Amino acid sequence: MNILDKIVLNKKAEVISAKKNTSIAELEASALFSRQTYSFKEFLLDPARTGIIAEFKRRSPSKGIINDKVSVEAVTAAYAAAGASALSVLTDTDFFMGTKIDLFKARGTNTIPILRKDFMIDEYQVIEAKSLGADIILLIAAILTPAEIQTLASLAKSLGLNVLLEVHNLEELQRSINPNLDAIGVNNRNLADFTVSVETSYKLAEHIPSEFLKISESAISDTETIKGLKKAGFNGFLIGENFMKQDDPGLAMREFVKGLK
């Protein structure tokens, strides 16, 4: 069993527990559930912004603790001020030290789109994401069937959420595409062994239909990589560890962005 299998197994138990603690009716009654979500496409393509989806991540299974000394409010606000097009907030606790409260706090601090970064396997999590103030959900092709992706994406769209599908190879891409997606993210990190290569994005770029936003995820640590990916047709760039490993992630992003000009 690889790490992804372990995470999914754990997530199934987590969702069962969450359903017992908070009903769907309670989620739908939350103050944030009825808010108008931000358009992922509008912010990502805004020329005044960077195209960077800046991630708040305390820990990863492969690297251990990255940064557990900073607050989600301060970091995400600094990301937004530095020109982030969107924010990504981890809500998985056991493997990434994230919490649902992190997403709630980030929403209260920012006026740009927020991605709930988690391992979505159940419709309950989609409704929960909306109730926490998310604008975007992540669907990982490696852990979902095409039918499951269709079901979760359709529900998300009915709630006004944007949908980012994450793929790792051509087979996942071709079997998972459906009209309810807004963006295709190519994860340059192999979730089975956590090795990274930006070549994964270049290989898949021409296979992503033009109607979808193209996002490159992970393995992005310098501005030249972003410039190259833009030429290949990518609109967005998810960066977390490169900023979070610094004492001041917001400052790290601000300095990084200077190289994009």
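All values reported here derive from a predicted model rather than from experimental measurement.

> Kindly report on the overall build of the chain, identifying the contributing residues and their values.
A count of helical and extended segments in the chain gives 12 helices and 10 strands. On the principal axes, the C-alpha backbone points of the chain span a range of 50 × 40 × 35 Å. Within the chain, the fraction of its 261 residues that count as buried is 56%. A separation of at least 24 residues holds for 67% of the contacts in the chain among residues at least 6 apart in sequence.

> Talk me through the layout of surface pockets; I want residue IDs and the actual numbers.
For the largest pocket, the calculated volume is near 440 Å³. For the largest pocket, the lining is made up of 28 residues, of which Lys57, Arg189, Ser218, Ala219 and Glu241 are closest to its centre. Those elements that provide at least two residues to the lining of the largest pocket are strand E6 (136-140), strand E10 (236-239) and helix H11 (241-244). Residue classes in the lining of the largest pocket are distributed as 12 nonpolar, 6 polar and 10 charged.

> Break down unusual backbone geometry for me, with residues and values.
Within the chain, Ser218 stands out as a residue other than glycine whose phi angle is a positive 75 degrees. Along the chain, Ser218 falls in the loop between strand E9 (213-217) and helix H10 (223-231). Despite not being glycine, Ala219 shows a phi value in the positive range, around 65 degrees. For Ala219, the position within the fold is in the loop between E9 and H10. Residue classification places Ala219 among the partly exposed residues on the basis of a relative accessible area of 29%.

> Quick one: what's the story with the side chain of Ser60, residue by residue and with numbers?
Summarising the element assignment, Ser60 is placed in strand E2 (residues 59-60). By relative accessible area, which is 3% here, Ser60 ends up buried. There is a polar contact of 2.9 Å between the side chain of Ser60 and the backbone nitrogen of Lys63. When neighbours within four sequence positions are excluded, Ser60 is seen to be in contact with Ile66, Phe95 and Phe96.

> So what's going on with the sheet that holds strand E7 (residues 162-167)? Which residues, and what values?
The strands that make up a sheet pair up through hydrogen bonds in the backbone, lying either parallel or antiparallel. Spatially, the 8 strands close up into a barrel ordered E1-E4-E5-E6-E7-E8-E9-E10, and their pairing is parallel. Each strand axis lies, on average, 25 degrees off the axis of its neighbour in the sheet, ignoring direction. The strands touched by H10 are strand E1 (52-56), E9 and E10; relative to E10, the strand with the most contacts, the crossing angle is about 150 degrees.

> Give a detailed account of the pattern of salt bridges, specifying residues and quantitative values.
Per the stated rule, a full pass over the model turns up 19 salt bridges. Taking the shortest distance from any N to any O, the salt bridge between Lys157 and Asp182 comes out at 2.8 Å. One end of the pair, Lys157, is in helix H7 (residues 146-158); the other, Asp182, is in the loop between helix H8 (170-176) and strand E8 (183-187), and 25 residues separate them in sequence. Using a relative accessible area of 31% as the deciding quantity, one classes Lys157 as partly exposed. When the shortest N-O distance is used, the salt bridge between Arg189 and Glu241 registers 3.9 Å. Residue Arg189 is located in the loop between E8 and helix H9 (199-205), and its partner Glu241 is located in helix H11; the two are separated by 52 residues in the primary sequence. Three or more residues joined by partner-sharing salt bridges are found here, namely Lys11, Glu14, Asp92, Lys100, Arg116, Asp118 and Glu128.

Rules and cut-offs
- Residues numbered from 1 in each chain as written.
- Predicted model: local features only at pLDDT ≥ 70, side-chain atom pairs only at ≥ 80, totals over all residues.
- Heavy atoms only, no water.
- Helix = DSSP H or I, 4+ residues; strand = E, 2+ residues; numbered from the N terminus.
- Buried < 20%, exposed > 50% of the residue type's maximum accessible area, 1.4 Å probe, protein only.
- Contact = heavy atoms within 4.5 Å.
- 1 Å grid on protein atoms, 1.4 Å probe; cavity = no way out; pocket = protein on both sides within 12 Å on 5 of 7 lines; lining within 4 Å.
- Points joined across faces, edges and corners; volume = space filled by probe spheres on them.
- Nonpolar A, V, L, I, M, F, W, Y, C, P; charged D, E, K, R; others polar.
- Polar contact = N/O pair within 3.5 Å; in protein donor to acceptor, adjacent residues only side chain to side chain.
- Pairing = 2+ DSSP bridges.
- Axes fitted to C-alpha atoms, helices over the stretch in contact; angles between N-to-C directions.
- Salt bridge = Lys/Arg side-chain N within 4 Å of Asp/Glu carboxyl O.

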